Amino acid sequence: MNYLPGTASLIEEIDKKLLVVLRDGRTLIGYLRSIDQFANLVLHRTIERIHVGDKYGDIPRGIFVVRGENVVLLGEIDTENEDKLPLKEVPIDDILEMQREEQIQKQQEEERKKKSMLERGLQPHSELHDDLY
């Protein structure tokens, strides 16, 4: 195995099934079909996998073009052990509802923390919600 510098190292991953985690938190699984010098990816037969607790749901997305700067993590899927996940697959509608409930709970917890800090005379951190990149 020869070392290839930079994005050229991704050439060895062409036609392999990959998991890609994006900057916005989404998880994509698909076959890498093409790359360029900026690490932009073309994924084929792509699914978006949503995890909530020990459950997951897959949303078919088809061909997906990913800008290289949005990739946080990229790894090869072990196709031999792919079916041995300790997770339970649920229908898309169910996982989307669970995801909504989880997001509402997180927002409520953040509001509770913010209120608690203000009651103590502390200024809560103002998180950036806009993508500045």
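Under an unreviewed UniProt entry, the protein has the name U6 snRNA-associated Sm-like protein LSm1 and belongs to Pinctada imbricata. On record in UniProt, under Sequence similarities (unreviewed entry), the comment for the protein is "Belongs to the snRNP Sm proteins family." Per UniProt, the protein carries the Subunit (unreviewed entry) text "Interacts with SLBP; interaction with SLBP occurs when histone mRNA is being rapidly degraded during the S phase. LSm subunits form a heteromer with a donut shape."

## Comments concerning the side chain of threonine 27
With respect to the helices and strands, the residue threonine 27 is situated in strand E2 (residues 27-35). Residue classification places threonine 27 among the buried residues on the basis of a relative accessible area of 11%.

## Overview of the UniProt feature "domain: Sm" (unreviewed entry) in the protein
Look at the UniProt record and you will see "domain: Sm" (unreviewed entry) annotated at residues 5-80. From the first C-alpha to the last, residues 5-80 spans 29 Å; its make-up is 0% helix and 59% strand.

## Details of the environment of glycine 30
Here glycine 30 shows up in strand E2. Residues contacting glycine 30, with those up to four places away along its chain left out, are Lys16, Lys17, Leu18, Leu43, His44, Arg45 and Thr46.

What counts and what doesn't
All residue numbers refer to position in the chain's written sequence, counted from 1. The model is predicted, so local features are restricted to residues of pLDDT at least 70 and side-chain atom pairs to those at 80 or more, both for listing and for counting; the totals for chains, interfaces and linings are taken over all residues. Derived side-chain values reflect all non-hydrogen atoms in the structure, with water molecules and hydrogen atoms excluded from consideration. UniProt positions are given in the numbering used here, feature names are shortened, and annotations may be inferred rather than shown by experiment. A run of H or I in DSSP becomes a helix once it reaches four residues, and a run of E becomes a strand once it reaches two; helices and strands are each numbered from the N terminus. Accessible area is worked out with a 1.4 Å probe on protein chains only. A residue is then buried under 20% of its type maximum, exposed over 50%, and partly exposed in between. Any two residues whose heavy atoms approach within 4.5 Å are treated as being in contact.

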